[in-house]
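# Working through the structure, step by step
Each chain is listed here by its residues.
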Amino acid sequence: MVEQLAMHVHGEAWTVKELFVLPNEYIYWSIQIVMYPFMTGLVAGAFVLSSLYHVFGVQKLKEIARFSLVFSFALLPVAMMPLMLHLQQPFRGIHVMMTPHFTSAIAAFGIVFSTYASIVAAELWFVYRQHFVLTYQSLEANTSRSGMQNLWRLLFKVLTLGAMDLSHEALEKDHKAVKLLAGIGIPVACFLHGYAGFIFGSVKANALWMTPLMPVIFICSAVVSGIALCILCYVIVQEARKFMAKRKLSRWANDPNAPSYEKLQGAEKQEVMMVSDYLLYFMIAALTLELLDLIFRGYTQVKSWDILRTVIMERDFVAIFILQYALGNVLPFLMMILPGRNVRRTTIACALVLFGVFMMRWNVVIGGQAFSLSFAGFMHYHLPIIPHDAETFKEGLFGALTVIATPFVLFWFIAKVMPPFLKEESH
Amino acid sequence: MQRRDFLKNSIYVIAGASIPLSALEFLDPREVLAKNPSIHWAFLIDTHKCVGCGFCVKACKTENDIPLEANVTRTWVERYVYTKDDRRYVDSPDGALHGYTESRVDLGKGEFKEIDPENVGKAFFVPKLCNHCLAPSCTQVCPVGATYKTDDGVVLVDRKWCIGCGYCIMACPFAARFFHPVEKVADKCTFCYHRITKGLETACVNACPFGARKMCNIRDINDPVTKVILNERVGVLKDEFGTKPQAFYIGLASEVR
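Residues numbered from 1 in each chain as written. Chains lettered and ligands numbered in written order. Predicted model: local features only at pLDDT ≥ 70, side-chain atom pairs only at ≥ 80, totals over all residues.

### Description of the overall build of chain A
Selection rule: Strands here mean DSSP runs of E at least two residues long; helices mean DSSP runs of H or I at least four residues long; both are numbered from the N terminus. Using C-alpha atoms as the atom set, the radius of gyration is obtained and then compared with a globule rule of 2.2 Å times the number of residues to the power 0.38. To sort residues by exposure, count the other C-beta atoms lying within 10 Å of each residue's C-beta; 20 or more gives buried, 12 or fewer gives exposed, and values between give partly exposed, all with C-beta atoms placed from the backbone. Any two residues are considered in contact once their C-beta atoms, placed from the backbone, lie within 7 Å.
When helices and strands are counted, chain A shows 15 helices and 2 strands. For chain A, whose C-alpha radius of gyration is 24 Å, the value lies close to the compact-globule estimate of 22 Å for 427 residues. A principal-axis box enclosing the C-alpha atoms of chain A has dimensions of 75 × 50 × 40 Å. Taken across its 427 residues, chain A has 46% of its residues classed as buried. Nonlocal contacts in chain A, meaning residues at least 24 apart in sequence, comprise 75% of its contacts between residues at least 6 apart.

### Some remarks on the overall build of chain B
For chain B, the count of helices and strands is 8 helices and 12 strands. In terms of overall dimensions, chain B is more spread out than a globule: its C-alpha atoms have a radius of gyration of 23 Å, far above the 18 Å expected for 257 residues. Split into buried and exposed, the 257 residues of chain B put 40% on the buried side. The contacts in chain B between residues at least 6 apart in sequence include a share of 62% that link residues at least 24 apart.

### Regarding the interface of chain B and chain A
At the interface, 43 residues of chain B touch 43 residues of chain A. Taken together, the elements giving at least two residues each to the side of chain B that touches chain A come down to β3 (88-91), β4 (105-108), α4 (137-141), α5 (167-171) and β9 (178-179) of chain B. Per-element tally for the side of chain B that touches chain A: the top contributor is α5(B), with 4 residues.

### A few points about the sheet that holds strand β1 (residues 41-46) of chain B
All names here are of chain B. In plain terms, the rule: Any two strands with at least two DSSP-identified bridges between them are counted as paired. Axes here refer to lines fitted to C-alpha atoms; in helices the fit is confined to the stretch in contact. Angles between the N-to-C directions go from 0 to 180 degrees.
Here we have 3 strands laid out as an open sheet, ordered β11-β1-β12, and mixed in their pairing. Since the sheet does not close on itself, it has two edges, and those belong to β11 (213-217) and β12 (247-250), each with one partner. Across the sheet, the mean angle separating the axes of adjacent strands is 25° when strand polarity is ignored. Inspection of the sheet shows β1 paired to β11 by 5 bridges, in the antiparallel sense. What sits directly across from Ile-45, in β11, is Arg-213. Sheet contacts for helix α8 (residues 224-231): β1, β11 and β12; angle to β11, the most-contacted strand, approximately 95°.

### Comments concerning the pairing of β3(B)
Residue and element names in this part refer to chain B. Examined bridge by bridge, strand β2 (residues 76-83) and β3 share 4 bridges and lie antiparallel to one another. The residue bridging Arg-79 from the neighbouring strand is Asp-91, located in β3. The hairpin turn running from β2 into β3, its antiparallel successor, is 4 residues long, and Asp-86 in that turn takes a positive phi close to 60°.

### Some words on the domain arrangement of chain A
All names here are of chain A. Under the convention used in this document: Note that the domain bounds were set by an automatic or database domain assignment. Here the nonpolar group is Ala, Val, Leu, Ile, Met, Phe, Trp, Tyr, Cys and Pro; Asp, Glu, Lys and Arg are the charged ones; every other residue, Gly included, is treated as polar.
Assigned domains of chain A: these are domain 1 (32-202 + 389-427) and domain 2 (229-381). Put simply, the middle of domain 1 and the middle of domain 2, counted by C-alpha atoms, are 22 Å apart. Taken together, the contact pairs 17 residues of domain 1 with 17 residues of domain 2. If you list the elements that add at least two residues to the side of domain 1 that touches domain 2, you get α2 (31-54) and α3 (62-86). Looking at the side of domain 1 that touches domain 2, the element that brings in the most residues is α2, giving 9 residues. Its residues assigned to classes, the side of domain 1 that touches domain 2 comprises 13 nonpolar, 2 polar and 2 charged.

### Some points on the nonpolar core
How we decide: We call a set of buried Ala, Val, Leu, Ile, Met, Phe, Trp, Tyr and Cys residues a nonpolar core when their C-beta atoms link them within 7 Å.
Grouped together as the largest cluster of nonpolar side chains are 187 residues, with contacts concentrated most on Met39(A), Leu75(A), Val224(A), Ile227(A) and Cys230(A). Looking at this core, you find at least three residues from each of domain 1 (32-202 + 389-427) and domain 2 (229-381) of chain A.

### Remarks on the packing of α2(A) against helix α8 (residues 214-246) of chain A
Two quantities define a packed helix pair, namely the angle between the axes and the distance from one axis to the other. All names here are of chain A. Note the threshold: Orientation labels follow simple angle bins: below 35 degrees gives roughly parallel, above 145 gives roughly antiparallel, 65 to 115 gives roughly perpendicular, and whatever is left gives oblique.
Contact geometry for α2 and α8: axes closest at 6 Å, N-to-C directions at 70°. When the axis of α2 is compared with that of α8, the two are roughly perpendicular. When α2 is examined against α8, the residues Pro-37, Gly-41, Leu-42, Ala-44, Gly-45, Ala-46, Val-48 and Leu-49 are found in contact with a partner set consisting of Phe-218, Ser-221, Ala-222, Val-223, Val-224, Ser-225, Gly-226, Ile-227, Leu-229 and Cys-230. Grouping the constituent residues of the contact of α2 with α8 by class yields 13 nonpolar, 5 polar and no charged.

### A few points about unusual backbone geometry
In this structure, Leu161(A) takes a positive phi of about 55° despite not being glycine. Unusually for a residue other than glycine, Lys109(B) sits at a positive phi of about 50°. Position of Lys109(B) relative to the elements: it lies in the loop between β4 and β5 (111-113). Of the residues examined, Lys109(B) has 11 C-beta atoms within 10 Å and is grouped as exposed.

### Quick word on the sheet that holds strand β6 (residues 120-128) of chain B
All names here are of chain B. Taken together, the 3 strands give an open sheet; going across it, the order is β3-β2-β6, and neighbouring strands pair in antiparallel fashion. The sheet is open, and its two borders are formed by β3 and β6, each paired with just one other strand. For this sheet the average axis-to-axis angle between neighbouring strands, irrespective of direction, equals 15°.

### Quick look at the confidence of the model for chain B
In low-pLDDT regions, the fine details of the predicted coordinates are not to be read closely. Residue and element names in this part refer to chain B. Quick reminder of the rule: Note: pLDDT gives the predictor's confidence per residue, expressed from 0 to 100.
Per-residue confidence for chain B gives a mean pLDDT of 91, with 93% of residues at or over 70. Mean pLDDT per element in chain B: helix α2 (residues 29-34) is the minimum at 65, and strand β8 (residues 155-157) is the maximum at 97. Across the interfaces of the predicted complex, the ipTM metric reaches 0.88, alongside a pTM of 0.88.

### Structural notes on the environment of Arg74(B)
Residues and elements named next belong to chain B. Of note, Arg-74 is situated in the loop between α3 (55-63) and β2. Taking the number of C-beta atoms within 10 Å as the measure of exposure, Arg-74 has 29 and is therefore buried. The spacing of Arg-74 and Leu-129 is 55 residues in sequence and 6.2 Å in space, taken between C-alpha atoms. Setting aside residues no more than four positions away along its own chain, Arg-74 makes contact with Cys-60, Asn-64, Ile-66, Leu-129, Lys-188 and Cys-189.

### Let's talk about helix α13 (residues 343-365) of chain A
Applicable threshold: The span expected for a helix works out to 1.5 Å for each residue beyond the first.
For α13(A), which comprises 23 residues, the first-to-last C-alpha distance of 33 Å matches the rise-based estimate of 33 Å (1.5 Å per residue) to within 8%. Taking burial as the measure, the 23 residues of α13(A) include 17 buried ones, the bulk of the element.

Shown next as structure tokens:
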């Protein structure tokens, strides 16, 4: 009975206090707040990758660029999900958009997020307009349409927004618009994520979070995680296509123009090698900044260093130095720079990088709450695994898995309308 | 009527109609009273007088509907024990709701430490509550403006508007905030606003048998409590955060954070 009543205090279910912790202190920001910067980071990173092709014209990235753009769009709604899941009053979440209080770093979220969402949506529309029109026209030409096809026809008609012009000039304009939007999108994507870093970095009460480096660290690790996820998913999808091409399944059964197995393999290798170079550059930047922050804290030794050193060097040593730095940074870095790099090794490295970035978010969010404001006590976080009420589901393992799974489900649906591996018509 | 004229006239009507609407501001008499600049609430704690009985915590929880058994509290009392061999122990079991009736120190995780009374160098109690800062970081970070500072200097939370994001809880350097176990919104000490605006004392001041807690209007220089704050040597908690706390302490030790 006592335990049941005590459960009503938010955070008590997963917080264990040690030594002197103030009575109201709990780990209020739990796994979903780890997921929030992780997911926004993926969104921003995927977009930056797609922009490398659209803005800077890195031709070799043509295929993965479009893939990343669609994936970024699928990830977008998921960036908001963890925030909604962690709110104590989720139905009031909309207040942030409707009555923003602009001295708060969170208040701008609505504006930054919707600006970014409109840019991605607009860019996608310009990229896929031709596809929409062609699909609509072919469905329109089909006189014996089934009910389902009628619905598709209607959907694509709506998606064209009435812009049916496929002349050379019109398509040229489309390309220009894509380039412009991708150009504007890069700073906005960086802002979206840098500002997630600002939300943490500006909490002056938290000794671990408060550093002006936080936004920059977040941007770099965002790009790292976004690129790594795009490589990983791209390889998985390409492997599936290669599998189907080999066994003449699906599209390869009847379409003579479908890309051959060799062609797919060649494209895959080329794109992955190219992108992993960019991944390395951003990894160097991210790691440098993170280490700079750590060294600076250790060197200046302000009041909070005593407790931070205990947390970083002793209590969270495994999570920070083994899981995050060694397994998530150094090992994949070596895997990618040592000679004989191939697609398989890069893919494994990317999975490790993703894990490393996740651990970095974990160590920032949970690590920042691992010590008391009294600097005389510690708090341990126990991730709820088996949920026994709504709260331990939402802010437990299964809540986090729901957030991770959603973009893939969305991607599957979006890919039906905007196939990422579109046959090249005029690009 | 031409379409041009119609549009023109519509704009005139809308513009004209919006002026008196914006001019009409409904004034709540209570709001006018609260704007009274001659009142600014402040708190004075004399740590020498506190004995750690916990009556203030009990009174506060009862007065403000914070479940007694919930492990969160708007005010609490900390115990500091320094041994002669230079060890420091701090605890605040249940926020001192039941008072310090035991000599052993709570180390968390269900562990306790018995301290030899002969070995105690010094020991004292420090009551804590929201400092109702002049420059509060909690109201700054609220994304919807649900927590705010009244003109008479009290930081409050609008329970109907709080979205429960926890940013204010994170931003408070004093851990004065928590999620209300029943209301599911951010909660904190209100200086018993419902009482002080009626001329009553706060529940904790009222319950303190030793006069360790006192409240005053810091703008009233004839108030005896104000005189203490203005004339004696008083300190505030964690001034390095620049929030300008309005709860003043007599006999504050540097180890108290």
